[in-house]
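# Remarks on the overall topology
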Amino acid sequence: METLKVEKFSTVGRGNGLRALTPLRAGELLYRSDPLAYTVCKGSRGVVCDCCLLGKEKLLRCSQCQVAKYCSAKCQKEAWPDHKRECRCLKGCRPRYPPDSVRLLGRVVFKFMEEKPTESEKLYTFYDLESNINKLTEDKKEGLRQLAMTFQHFMKEEMQDASQLPPAFDIFEAFAKVICNSFTICNAEMQEVGVGLYPSMSLLNHSCDPNCSIVFNGPHLLLRAVRDIEVGEELTICYLDMLMTSEERKKQLRDQYCFDCDCVRCRTQDKDADMLAGNEQVWREVQESLKKIEELKVQCKWEEVLAMCQTVLCSNSGLLPDINIYQLKVLDHAMDACINLGLWEKALFYGLRTLEPYRVFFPGSHPVRGVQVMKVGKLQLHQGMFPEARKNLRVAFDIMKVTHGREHSLIDDLLLLLEECEANIRAS
């Protein structure tokens, strides 16, 4: 049994939190957790396995509900205990599909009805989670009421009325907990594939300059220190995308998590000038264009994504630097589109332009930067640029040995790329 390195404690003005029980080193694994419940998110449905969350071209469809899909018979069998009761619910609501939060809460309810303790609630239980109901606006409360009604309709195949719910279970409050405590599950390339509840990890408070990071291996959560941490020091993660201005961060934290961030980065508007560099009228237009680009990306319309990105980038030439966050996001989408279309040279062209902004906005060891540098190194390797590829793959390795750890499957992939690179350099 692993010795606990963290403990729950009460913070001043921030509710509960997690702190270090021993001195911790950068890269050290602090906690691993399986989810209390998880589900594939809407954008990845039918693209990744409902069990392991890995992508595969051909997935096996559940013969009953025709919704859940699996990469193998093994995954289908492993997923059955969590899927068997929701299967009838999914079948009963066809052709409509429930929101992610409804399917997730359904899985939570079915888990509680089994009355088995779960390791994910070792430090904190679902019933302990903050709901922030008293801080919600009336509009938000109305949204939760609508979700509760959708949930009751979804569950009707398995539950006829509220008396069949677990004891002391309030649907309205449960949705409030799901909204502010669920984790976005990302794949190896930091793309959203699922959503899950990890109650013990909900103890982690937010910082815009965190000392820990979370990555996933399938649905399994791994918490690591990204810098040295002293005994008794609070452990923090960033709840948000780092490519946001201080004003955008404060608004999202207030809207979703019901608190105001007063950290040094937010007070000093750290990096805001870089993020919004260039002509304001132009970047505001790009900000609007991104909504359409992201909509096309969700639909995997890669030719249209690339065409729109190229139009935006051409029209902004000389007016916006690549460090502007909206320009940077367009470059990112253009690179992803090129990768999906097999346009490797163009993908590398766009990817190289993102490296310096990523270094500025994701300082130290950050998993997002590690994965980005690895992508660029991989593109260089496949185009025969071996010295350049080796340099970037080594940078990625130095970051990811801290953020992902040596045992993560992505590190295995990275080491294979480095070996291939070294072999090519020796051969030439």
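Just above, that's the structure.
## Brief notes about the overall build of the protein
Of regular secondary structure, the protein possesses 14 helices and 12 strands. Computed over its C-alpha atoms, the radius of gyration of the protein comes to 22 Å, within 12% of the 22 Å expected for a compact globule of 428 residues. Each principal axis of the C-alpha distribution contributes one length, and for the protein these read about 70 × 50 × 50 Å. Residues counted as buried form 51% of the 428 residues belonging to the protein.

## As for the nonpolar core
With 73 residues, the main nonpolar core has Leu 105, Phe 126, Phe 151, Met 201, Leu 223 and Leu 235 as its most contacted residues. Counting residues per element, this core draws most heavily on helix H2 (residues 100–113), which supplies seven residues. Leave out the neighbours within four places in its chain, and Leu 235 touches Val 6, Leu 18, Arg 19, Ala 20, Leu 24, Leu 30, Leu 204, Asn 205, Asn 211, Cys 212 and Ile 229. Ranked by size, the runner-up nonpolar core spans 63 residues in total, among them Cys 238, Cys 309, Val 312 and Cys 338.

## Description of the sheet that holds strand E10 (residues 212–217)
Hydrogen bonds between backbone groups are what pair the strands of a sheet, and the pairing can be parallel or antiparallel. Strand order in this open sheet of three strands is E3-E11-E10, and the pairing throughout is antiparallel. Lying at the two open borders of the sheet, with one neighbouring strand each, are strand E3 (29–33) and E10. Strand-to-strand, the axes of this sheet are offset by a mean angle of 20°, without reference to chain direction. Both E3 and strand E11 (residues 220–225) contribute to a ladder of four bridges, which runs antiparallel. Among the inter-strand pairings, Arg 32 is bridged to a residue of E11, identified as Leu 222.

## Thoughts on the pattern of salt bridges
Think of it this way: side chains of opposite charge can pair up when their charged atoms draw near. All chains considered together, the criterion is met by 31 salt bridges. Residues Asp 398 and Lys 401 are paired through a salt bridge, measuring 3.7 Å at the closest nitrogen-oxygen approach. Of this pair, Asp 398 and Lys 401 are both found in helix H13 (residues 386–403), three residues apart, which corresponds to roughly one turn of the helix. Among the residues examined, Asp 398 registers a relative accessible area of 43% and is labelled partly exposed. Three or more residues are tied together by salt bridges with common partners; here these are Asp 50, Glu 86, Arg 103 and Arg 107.

## Some points on the packing of helix H3 (residues 138–154) against helix H4 (residues 171–181)
How two helices sit against one another is set out by the angle between their axes and by the gap between those axes. At a closest axis distance of 9 Å, the pairing of H3 and H4 adopts a crossing angle of 110°. In terms of orientation, H3 and H4 fall into the roughly perpendicular class. Considering how the two elements wind past one another, H3 and H4 form a crossing that is right-handed. On the side of H3, the interface is formed by Lys 141, Leu 144, Arg 145, Leu 147, Ala 148, Phe 151 and Gln 152, while H4 contributes Ile 171, Phe 172, Phe 175, Ala 176 and Ile 179.

So, how was this worked out
Residues numbered from 1 in each chain as written. Predicted model: local features only at pLDDT ≥ 70, side-chain atom pairs only at ≥ 80, totals over all residues. Heavy atoms only, no water. Helix = DSSP H or I, 4+ residues; strand = E, 2+ residues; numbered from the N terminus. Rg over C-alpha atoms; globule rule 2.2 N^0.38 Å. Buried < 20%, exposed > 50% of the residue type's maximum accessible area, 1.4 Å probe, protein only. Core = buried A, V, L, I, M, F, W, Y, C linked by side-chain atoms within 4.5 Å. Contact = heavy atoms within 4.5 Å. Pairing = 2+ DSSP bridges. Axes fitted to C-alpha atoms, helices over the stretch in contact; angles between N-to-C directions. Salt bridge = Lys/Arg side-chain N within 4 Å of Asp/Glu carboxyl O. Parallel < 35°, antiparallel > 145°, perpendicular 65-115°, else oblique. Left-handed = near helix turned anticlockwise from the far one by under 90°.

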